[in-house]
Amino acid sequence: MVVLGQVNIERQARGRGCSVSDHITALEYEHEERKLTHIVQVMDKQMNSLRATIGDQQQEIVEMKRHFWDEVSVDKEQLFETYVSIMQQAKDLANYERVQDHARRLLTKLDKHIGSPYFGRIDFREEYEVDKLPVTIGLMSVTDENGEHLVYDWRTPIASLFYDYAPGPVQYRTPMGVITGEMTLKRQYLIRNSKLEAVFDTGIQIGDDMLQDMLKRSADTKMKTIVSTIQREQNAIIRDDAHEVLIVQGAAGSGKTSAAMQRIAYLLYKYRESMHSEQVVLFSPNDLFNDYVSNILPELGESNMTQTTFQQYMDYRLRTTRQIEDVYDQAERLMNPASEAVGQLERASARWKASESFMAVADAFVTSLMDEGIAFESLGTPKRTIITEEMLREHFYVTLADWSLPARMDKTREWIKSYLKEWAAKEVKRVYQRFLKQPNYIGSEEEMMQMSKKHVSKWVREMRRKAHTYSFIKWDAIYEQFNAHLPRWCEIALASSSAASAYNGSEQTNDSEEKVSVSGLAGYAATQVDPDAMPNASMVATMGEHTLARMNDGMIPYEDASVFLYIMESIEGFNTFNHIRQVVIDEAQDYSAFQYALLSRLFPRSKFTILGDWNQAIYESNRVGRVEMVQRMFPERKSTVIRLKKSYRSTKPISEFAHAILPDGEPAEPFNREGKPPVVHVVTETTRPQLVLERLQQLQDAGCQSIAILAKNEASSAQVYQMLSQKMDGLRRVTKHTQQFSVGTWVIPSYLAKGLEFDGVIIWDADQEHYGHERDRKLLYTVCTRALHELHLYAVGQPSPLLPAADVN
Ligand SMILES: Nc1ncnc2c1ncn2[C@@H]1O[C@H](COP(=O)(O)OP(=O)(O)OP(=O)(O)O)[C@@H](O)[C@H]1O
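Residues numbered from 1 in each chain as written. Predicted model: local features only at pLDDT ≥ 70, side-chain atom pairs only at ≥ 80, totals over all residues. Heavy atoms only, no water.

Caption draft 1: Molecular detail of the pattern of salt bridges. Under the defined criterion, the tally for this structure stands at 41 salt bridges. For D476, the salt bridge goes to R322, with nearest N and O atoms at 3.2 Å. Residue D476 is found in helix α16 (residues 475–484), and its partner R322 is found in the loop between α9 (310–317) and β13 (323–324); the two are separated by 154 residues along the sequence. Pair check on accessibility: D476 and R322 agree, each one buried. A salt bridge links K712 to D776, with the nearest nitrogen and oxygen atoms 3.1 Å apart. (Salt bridge = Lys/Arg side-chain N within 4 Å of Asp/Glu carboxyl O. Helix = DSSP H or I, 4+ residues; strand = E, 2+ residues; numbered from the N terminus. Buried < 20%, exposed > 50% of the residue type's maximum accessible area, 1.4 Å probe, protein only.)

Below, the structure written as structure tokens:
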């Protein structure tokens, strides 16, 4: 029996172990039971009939395949008839298979939902109508043999009433227009194994009791669907259709990811005729997170979308011979710098290189490349240069001088190909002559000609490949050059920016030609240059030199990788995926201005759902990012920002504790779920391992199924794991390479716990040494907000000054 959280008006219904609201009469209750039985019977019948259809058709298909060749006639006169007959059979076969496929999918869906076919009901009387319509809402639509709706899919327009209103006057939107009326009843059900376990009528929100019950459960290795308890503000995110860019700023645990996942399921349903799951892409922080959310769409009866990370895109796209640092190695580098001075420099550099101001600097550099500066790579065979750097430069900068950079790239590529064609024709003759002069017999003339062609075509193929992949450009050298003269591009950017501001403020705004010339190639950022955000000239020069030194060591720092890619794409043209219709970006606070500019160009015909919590911006490189910056990166698209303030994940004491870490953060409203207050344990290096092991035992005894021990960085996480795993069986460790995790106890570096949640969280090093700086505040907030039910912080010596007052042990 399930007893819902705080249901105080419940009573055990008629001895059958079901919780019900007090005012539901016995008659009504029986009616509800009969309704459930009826719906389950209808679903059962449909499943039987689908099984029979599948069986019959399977037989039919086997028969057709077996007799397929019987139709083939050897009589030449009947050749046409035979052809027609075979085509018809192939068509029938394909049809059968399509119907089969559909039947199988429907059967799987019915099978999945028959145990809990619905969760809500509203009674709705449309304006000017006398009768009210009871609308039962579930994860899939169910109709009887007359086509009458027994259950409405939660994504149908009328079902939105369930999420948006309390009983009273209501309205909902349909493709035909707005429908108004009155809701006379709003009811929730808990049904398991096709049995009614709870029924109660609810008010404004989707019943607190049901939500309490959901939130009391244990964290899982996979995200849960929230369809039966979606809150009104989340429903606004799920059903928003009016904006091309929907940005959600929400407190930790406010349901951003959950809402985004249900939103995709909603959009796939609404646009099922024109949009498919392959046209939806999710950008998430890492593979582990991708795995965590991978079950939601299948649970909701949809195929999964494409899931990726920005890092994967950069690794695939960036034309460099250097290794590209990832965001985790960057985090480690910035947390543990070689010296305080290097740390300061690298942090400042990472911040600046994520900003719009820096984008203006990159634009200034790209603009300068219109006149000079692109380094070319000659093409040839190992023994001979065929197209020299000089020839390429001449073609690019003289012959094609009037064209844009991407057009010049394209035309140069074509020019190389036609040059190679002419060269190959001559070269074949030359090689042939050489073969002819061979003193020994090496083949007939024809054979020698073939050999010559083969010999030449090997090199031509290789050079054409280089042309095709733009490998006639020294991309690394271009980025080196950008860094070598960084102060110069800064000066130009600042000058262009004031010119652009002056220009934009003047009367002549219709002269678009001039505007292009002052606002840089990418056209995003020139007016966003903030002179105060520019480091001073000597600092800029040092930053440039520092990057060059890293490049010399064979590495492109993470903060540089997207700048490099942006410059590269500004030159060769932006990559585009036109078929993608929806892009979801989770943990949006971790993306730089450059990354947004690239994504916006990459998916020119897509809508964007962007979810972030700028209070969890733990990576240095992205601290400058703000919601407004994101909007500016999509200048042509209609955008809106929705803020989620209520947080659902943690108990009230944990939520309040975590939010107190952020004195200037956005106000958050914890969901009223009681629990133990977080405890700060002051320990010594020597006592900590044993105390943590005891705590783990206590958490497990208290029913915590998933527990995370969060250590600030990779090295200490490895150390903790080594120390504790000797004394505890089953302890596991997450690294940046982990792709899946299961319920249990894990040691995790702080930054990899982002987006995830655990029943119990132990923070291994919540002390002055590890979380002593202002810059650690957001990371500390992020790790504390991973806990659902219990939070314990351990500090060797002085606890972190960023922590609010708490129980201290
Ligand atoms: N309406 C809801 N009904 C039930 N559970 C909910 C609801 N909204 C959120 N939750 C639960 O709250 C937890 C946090 O949700 P989610 O991970 O989507 O939040 P988030 O805003 O993306 O968090 P973060 O930014 O901290 O990673 C999850 O366990 C989710 O199931």
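So much for the structure itself; the text now carries on.
Caption draft 2: Quick peek at the environment of I137. Inspection of the secondary structure puts I137 in strand β4 (residues 133–138). Sequence separation between I137 and I158 is 21 residues; the distance between their C-alpha atoms is 9.4 Å. Aside from chain neighbours lying at most four places away, what touches I137 is Y118, F119, G120, I122, V151, Y152, W154, A159 and F162. (Contact = heavy atoms within 4.5 Å.)

Caption draft 3: A look at the side chain of D291. Mapped onto the elements, D291 comes out in helix α7 (residues 287–293). Excluding its chain neighbours within four sequence positions, the residues that come into contact with D291 are K222, Q307, Q739, Q740 and F741.

Caption draft 4: Up close: the nonpolar core. Counting residues in hydrophobic clusters, the biggest one holds 177 residues, and the most contacted among them are W154 and F482. Ranked by the residues each element gives to this core, the list is headed by helix α14 (residues 405–436), at 10 residues. Listed in part, the 23 residues of the second largest apolar core include Y29, L36, M47 and Y118. (Core = buried A, V, L, I, M, F, W, Y, C linked by side-chain atoms within 4.5 Å.)

Caption draft 5: Main features of the pairing of strand β6 (residues 149–153). Among the five residues of β6, four are classified as buried, and the element is accordingly described as predominantly covered. Two elements, β4 and β6, share two bridges in a ladder whose sense is parallel. Counted as the bridge partner of I137 is Y152 from β6. If you look at the hairpin formed by strand β5 (residues 142–143) and β6, you'll find five residues sitting between the two strands, and G147 has a positive phi there, around 85°. (Pairing = 2+ DSSP bridges.)

Caption draft 6: The sheet that holds strand β18 (residues 607–612), seen in detail. As summarised here, the arrangement of the six strands in space is β12-β11-β17-β18-β10-β19, forming an open sheet in which the pairing is parallel. Edge positions in the open sheet fall to β12 (306–308) and β19 (639–644), since each of these has one partner strand only. Here the strands of the sheet are splayed against their neighbours by 15° on average, with no regard to which way each runs. Here strand β10 (residues 245–250) runs beside β18; their pairing, made up of five bridges, is parallel. Looking at the pairing, V245 lines up with F608 of β18. Packing of helix α6 (residues 256–270) onto the sheet brings it into contact with β10, β11 (280–283), β17 (582–585), β18 and β19, and relative to β17 it is tilted by some 170°. Across the sheet, helix α21 (residues 593–602) lies against β11, β17 and β18, angled at about 155° from β18, the strand it touches most. (Axes fitted to C-alpha atoms, helices over the stretch in contact; angles between N-to-C directions.)

Caption draft 7: Layout of the site of the ligand. Taken together, 24 residues lie around the ligand, and T229, K256, S258, E757 and R786 are the ones closest in. Residue G253 places a main-chain N or O atom 3.0 Å away from an oxygen atom belonging to the ligand. Protein contacts shield 97% of the accessible area of the ligand, which totals 630 Å² for the unbound molecule. Split by residue class, the shell around the ligand holds nine nonpolar, 10 polar and five charged. (Near = heavy atom within 4 Å. Polar contact = N/O pair within 3.5 Å; in protein donor to acceptor, adjacent residues only side chain to side chain. Areas by Shrake-Rupley, 256 points an atom, 1.4 Å probe, with all protein chains shown as cover. Nonpolar A, V, L, I, M, F, W, Y, C, P; charged D, E, K, R; others polar.)

Caption draft 8: Structural detail: the UniProt feature "binding site: ATP" (unreviewed entry) in the chain. With numbering aligned to this structure, UniProt lists the feature "binding site: ATP" (unreviewed entry) at G250, A251, A252, G253, S254, G255, K256 and T257. One can find G250 in strand β10. Here G250 falls in the buried class, since its relative accessible area comes to 0%. Setting aside anything within four residues of it in sequence, one finds G250 in contact with K256, G612, D613 and L644. Of note, K256 is situated in helix α6. The contacts of K256, once residues within four sequence positions are left out, are V248, G250, A251, L611, G612, D613, Q616 and L644. A polar atom in the side chain of K256 sits 2.9 Å from the backbone oxygen of G250. (UniProt positions renumbered as here; feature names shortened; annotations may be inferred.)

Caption draft 9: The packing of aromatic side chains, seen in detail. Tallied over the entire structure, the rule returns 31 aromatic pairs. Their ring planes at 45° and their centres at 6.5 Å tell us that F283 and F310 sit as a pair that is tilted. You can see F283 sitting in strand β11 and its partner F310 sitting in helix α9, a full 27 residues away along the chain. Through a chain of ring-to-ring contacts, the aromatic side chains of F283, F310, Y313, Y316, F577, Y591, Y596, F603, F608 and F634 assemble into a single cluster. Over the aromatic face of Y118 sits the side chain of K35, whose NZ or CZ is 5.0 Å from the ring centroid. A cation sits over an aromatic face here: K411 above W403, 4.2 Å from the ring centre. (Phe/Tyr/Trp six-rings, centres within 6.5 Å; stacked < 30°, edge-to-face > 60°. Lys NZ or Arg CZ within 6 Å of the ring centre and 35° of its normal.)

Caption draft 10: Expanded view of unusual backbone geometry. A positive phi angle, close to 70°, is found at Y128, a residue other than glycine. By relative accessible area, which is 78% here, Y128 ends up exposed. The phi dihedral of E587 falls on the positive side, at around 55°, and the residue is not glycine. By the secondary structure assignment, E587 is in the loop between β17 and α21. Residue class for E587 comes out buried when judged on its relative accessible area of 8%.

Caption draft 11: Representation of the pairing of strand β25 (residues 745–749). Across the five residues that make up β25, a large majority, five, are buried. Burial along β25 is two-sided: the face carrying T745, V747 and P749 and the face carrying W746 and I748 are both buried. As paired strands, strand β23 (residues 707–711) and β25 are joined by five bridges and run parallel to one another. Each bridged residue has a counterpart across the sheet, and for A711 the counterpart in β25 is P749. Bridging between strand β24 (residues 732–733) and β25 involves two bridges; their strand directions are parallel. Looking across to β25, one finds that R733 is bridged to V747.

Caption draft 12: Molecular detail of a negative patch on the surface. Taken together, the side chains of E126, E127, E129 and D131 present a region of like negative charge at the surface. Positionally, E127 belongs in the loop between β3 (120–126) and β4. You can call E127 partly exposed: its relative accessible area is 40%. (Patch = residues over 30% accessible without salt bridge, like charges linked within 9 Å, V, L, I, M, F, W, Y side chains within 5 Å. Lys, Arg positive; Asp, Glu negative; His and termini not counted. Charge placed at Lys NZ, Arg CZ, Asp CG, Glu CD.)

Caption draft 13: How the structure looks around helix α11 (residues 340–352). Helix length check: α11, at 13 residues, gives a terminal C-alpha distance of 18 Å against a target of 18 Å (1.5 Å per residue), a fit within 8%. Those residues of α11 not exposed but buried are G343, L345, E346, R347, A348, S349, A350 and W352. (Expected span 1.5 Å × (residues − 1).)

Caption draft 14: How the structure looks around the packing of helix α12 (residues 356–368) against helix α20 (residues 558–572). Two elements in contact, α12 and α20, have axes whose closest approach is 10 Å; the angle formed by their N-to-C orientations is 40°. Where α12 crosses over α20, the two elements pack in a sense that is right-handed. On the side of α12, the interface is formed by F358, M359, A362, D363, F365 and V366, while α20 contributes V563, Y566, I567 and S570. Tallied by class, residues from the contact of α12 with α20 come to eight nonpolar, one polar and one charged. (Left-handed = near helix turned anticlockwise from the far one by under 90°.)

Caption draft 15: Expanded view of the packing of helix α5 (residues 232–239) against α6. Running from amino to carboxyl end, α5 crosses α6 at an angle of 45°, the nearest separation of the two axes being 8 Å. If you check the angle between α5 and α6, you find them oblique. Where α5 crosses over α6, the handedness of that crossing is right-handed. The segment α5 lies against α6, with Q234, I237, I238 and R239 engaging A259, Q262, R263 and Y266. Classifying every residue of the contact of α5 with α6 by side-chain character gives four nonpolar, two polar and two charged. (Parallel < 35°, antiparallel > 145°, perpendicular 65-115°, else oblique.)

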